Amino acid sequence: MSGVVLEDFRVGVRDWCRVHVPVGWRVGQTGVSDAEFVGFQREWFQTLRSGGFAVPHWPREFGGGLTVAEQVVLYQELAAADAPRLVLAFVAVHHAASTLLAAGSQAQRVRHLPAILEGEVWCQGFSEPGAGSDLASLRTVARREGDDFVVSGQKVWASGAQYADWCLLLARTDPVAPKRKGISYLLMDMRSRGIDVRPIRQATGESHFCELFLDEVRIPVSQLVGAENAGWQVAQSTLGAERGLTMLELAERLGNAGLRWLVEECARPGPDGSRPVDDAVIADRLAQFETEIEGLRVLCRDVVQRYEAGRVGAADASVVKLFYSELLQRLTGFGAEVGGLSAQSVLRKPSSGGWESGAWVLDFVGSWEWTIPGGSSEIQRTIIGERGLGLPREPQ
């Protein structure tokens, strides 16, 4: 795509944002009820959809079709306009869609992709109390009974499960196979009997995460994704590649919101008139953050471009996840340091925002969502060493 055409696209997105990004949404989404949050998120999703921006990474026939360069521009402009994030639809438009497009049946795609565009909400049932970072140790069991799998077990850290219509579920279908060989990937209707959803109150005061208790839940065999007992491979191939796509947006928001607000925080005069940014050490830290964020942006674009070209590496998703999560934690932690006493007194943040909101202490506490779940930093480093660098496997 030529630079002129891309710049025209940027101008179009910028003009669209000027008209459609809700004014004052951060104040309006602070301290709201669940119903108000869900209603706002559904409305914003349909607004983005009307502009052609809700699922830019999907194939054109399903409502997407933007190039990687266009997606980068889109996320830059949405971040610069301080647009709300698609929190409610995140798992649906990214993880669920990625799985269905890469490994789902045609019937599953036809059933769910249009429904996602209409607002179908998904959650992810992967981690368990004893199988978080070591996900392959999961113990939720799915036994075959005729045309159904009957599932029992417990899941934890299921983001947004209290709002979800469907769940991406990993369950053990062969209890005697090696732990990565006996797992199947299932689509679970959250209206099924035997599902108990319990929100978890977090240190930030939110209840974003949930526990799922599954008691003899029946899932039709038609909701199996890929081959039986090959769920681990499905999860690794689809969700690993998807991580690069989601990071395109998160990297831009970290720069356009997180860093910008951090600089503004440091430029604000204190009681004595001095500004933190005038301190050489603080100015150096800000410059370091800017350099790291730009590196993250370049890395994300490179991973997505190589994925589309069929050249993505086995550890690329882990590199991106590790880099982003630890950078986010350092940046928000620094914000809590320089924010002073005022940063300690903010007790609420917008429900439709990202992991960086300018409420520095809450942002820092929330940043631990990234360095622990979804594979801790230690696990990511092991994957990078073994799969990326070819180092000997750690003895089990």
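The preceding data block contains the structure.
This write-up is about the structure you can find in this document.

Parameters and conventions
Here the residue numbering is sequential within each chain, running from 1 through the sequence in written order. Per-residue local features of the predicted model are confined to residues with pLDDT of at least 70, and side-chain atom pairs are confined, for both listing and counting, to 80 or more; whole-chain, interface and lining totals are unaffected and use all residues. Hydrogens are left out, water is left out, and the side-chain values use all remaining heavy atoms of the structure. Only runs of H or I of at least four residues qualify as helices and only runs of E of at least two qualify as strands under DSSP, and these elements are numbered from the N terminus. Radius of gyration here is computed from C-alpha atoms only, and the compact-globule reference equals 2.2 Å multiplied by the residue count raised to the power 0.38. Here the term buried applies to any residue with accessible area under 20% of the maximum for its type, exposed to any over 50%, and partly exposed to those in between, with areas from a 1.4 Å probe on protein chains only. The contact rule is simple, with two residues in contact once any of their heavy atoms fall within 4.5 Å. For the purpose of counting charges, residues Lys and Arg are taken to be positive, whereas Asp and Glu are taken to be negative. His and the chain ends are not included. A single reference atom marks each charge: NZ on Lys, CZ on Arg, CG on Asp, CD on Glu. Only protein atoms enter the calculation, which uses a 1 Å grid: trapped sets of points that fit a 1.4 Å probe without letting it out are cavities, open sets showing protein on both sides within 12 Å along at least five of seven lines are pockets, and any residue with an atom within 4 Å of a point is a lining residue. Grid points are joined across faces, edges and corners, and a volume is the space filled by probe spheres set on the points. Note on residue classes: Ala, Val, Leu, Ile, Met, Phe, Trp, Tyr, Cys and Pro are nonpolar, Asp, Glu, Lys and Arg are charged, and everything else, Gly too, is polar. For two strands to be treated as a pair, DSSP must find no fewer than two bridges joining them. One speaks of a salt bridge when a side-chain nitrogen belonging to Lys or Arg is within 4 Å of a carboxyl oxygen belonging to Asp or Glu. Convention adopted: a line fitted to C-alpha atoms gives each axis, helices being fitted over their contacting stretch, and angles between N-to-C directions are expressed from 0 to 180 degrees. The hand of a helix crossing depends on one turn: near helix anticlockwise from the far one by less than a right angle means left-handed, and clockwise means right-handed. Residues adjacent in sequence count toward polar contacts only when both atoms are side-chain atoms; beyond that, a polar contact is any pair of N or O atoms within 3.5 Å, and within protein one must be able to donate a hydrogen and the other to accept it. For a helix, the expected span equals 1.5 Å multiplied by the number of residues minus one.

Let us look at the overall build of the protein. Secondary structure summary: the protein contains twelve helices and eight strands in total. By the compact-globule yardstick of 21 Å for 396 residues, the protein fits well, its C-alpha radius of gyration being 21 Å. Looking at the protein as a whole, 52% of its 396 residues are labelled buried. Partitioning the intrachain contacts of the protein with sequence separation of at least 6 by distance along the chain shows that 73% fall at a separation of at least 24. When the 40 basic and 49 acidic side-chain charges of the protein are each reduced to a single mean position, those positions are 3 Å apart.

Right, let's get into unusual backbone geometry. Phi at Trp-157 is positive, roughly 65°, even though this residue is not glycine. Structurally, Trp-157 is set in the loop between strand E3 (148-155) and strand E4 (166-172).

Here we take up empty space enclosed by the protein. Counting across every chain of the model gives two cavities of 30 Å³ or more. Here the largest cavity is characterised by a volume of approximately 150 Å³. As for the largest cavity, its lining consists of 18 residues, of which Leu-48, Ala-54, Tyr-75, Leu-86 and Glu-249 are closest to the centre. At the level of secondary structure, the elements contributing two or more residues to the lining of the largest cavity comprise helix H3 (34-51), helix H4 (68-80), helix H5 (90-103) and helix H7 (231-267). The class makeup of the residues in the lining of the largest cavity is 13 nonpolar, two polar and three charged. If you add up the space inside the second largest cavity, you get close to 40 Å³. Forming the boundary of the second largest cavity are Trp-25, Arg-26, Ala-83, Arg-85, Arg-253, Ala-257, Gly-353, Gly-354 and Glu-356. Every element with two or more residues in the lining of the second largest cavity is listed here: helix H2 (25-28) and H7. Tallied by class, residues from the lining of the second largest cavity come to three nonpolar, two polar and four charged.

On to the environment of Ser-105, then. Here Ser-105 shows up in the loop between H5 and helix H6 (106-117). Accessibility expressed as a relative area gives 32% for Ser-105, which makes it partly exposed. Separated by 91 residues in the primary sequence, Ser-105 and Asp-196 have C-alpha atoms spaced 28 Å apart.

What follows deals with the pairing of strand E7 (residues 210-220). Where E3 and E7 come together, seven bridges link them in antiparallel fashion. The residue of E7 that forms the bridge with Val-151 is Val-217. Pairing geometry for strand E6 (residues 195-199) and E7, over five bridges, is antiparallel. Following the sheet pairing, Asp-196 is matched in E7 by Phe-213.

All right, on to the pattern of salt bridges then. Opposite charge on two side chains makes pairing possible when the charged atoms of those side chains draw close. A full pass over the atoms with the stated rule returns 28 salt bridges. For Arg-191, the salt bridge identified is with Asp-189, shortest N-O distance 2.9 Å. Note on Arg-191: relative accessible area 59%, which makes it exposed.

So, about the packing of helix H1 (residues 3-20) against H4. Relative to each other, H1 and H4 sit at 30°, their axes nearing to 9 Å. Here H1 runs over H4; the crossing is right-handed. When H1 is examined against H4, the residues Leu-6, Phe-9, Arg-10, Val-13, Arg-14, Trp-16 and Cys-17 are found in contact with a partner set consisting of Ala-69, Glu-70, Val-73, Leu-74, Gln-76, Glu-77 and Leu-78. Among the residues making up the contact of H1 with H4, the classes are represented as nine nonpolar, one polar and four charged.

Turning our eyes to something else, we now look at the side chain of Asp-316. Its place among the elements puts Asp-316 in helix H9 (residues 316-338). Given a relative accessible area of 14%, Asp-316 falls into the buried group. Of the polar contacts made by the side chain of Asp-316, one reaches the side chain of Arg-306; its length is 2.6 Å. Setting aside anything within four residues of it in sequence, one finds Asp-316 in contact with Val-303 and Arg-306.

Turning next to H9. With 23 residues, H9 should reach 33 Å at 1.5 Å per residue; the first-to-last C-alpha distance of 33 Å fits that figure. Burial analysis of H9 places 18 of its 23 residues in the buried class, which makes it a mostly covered element. Gly-340 occupies a position one or two residues after H9 and carries a positive phi of about 70°.

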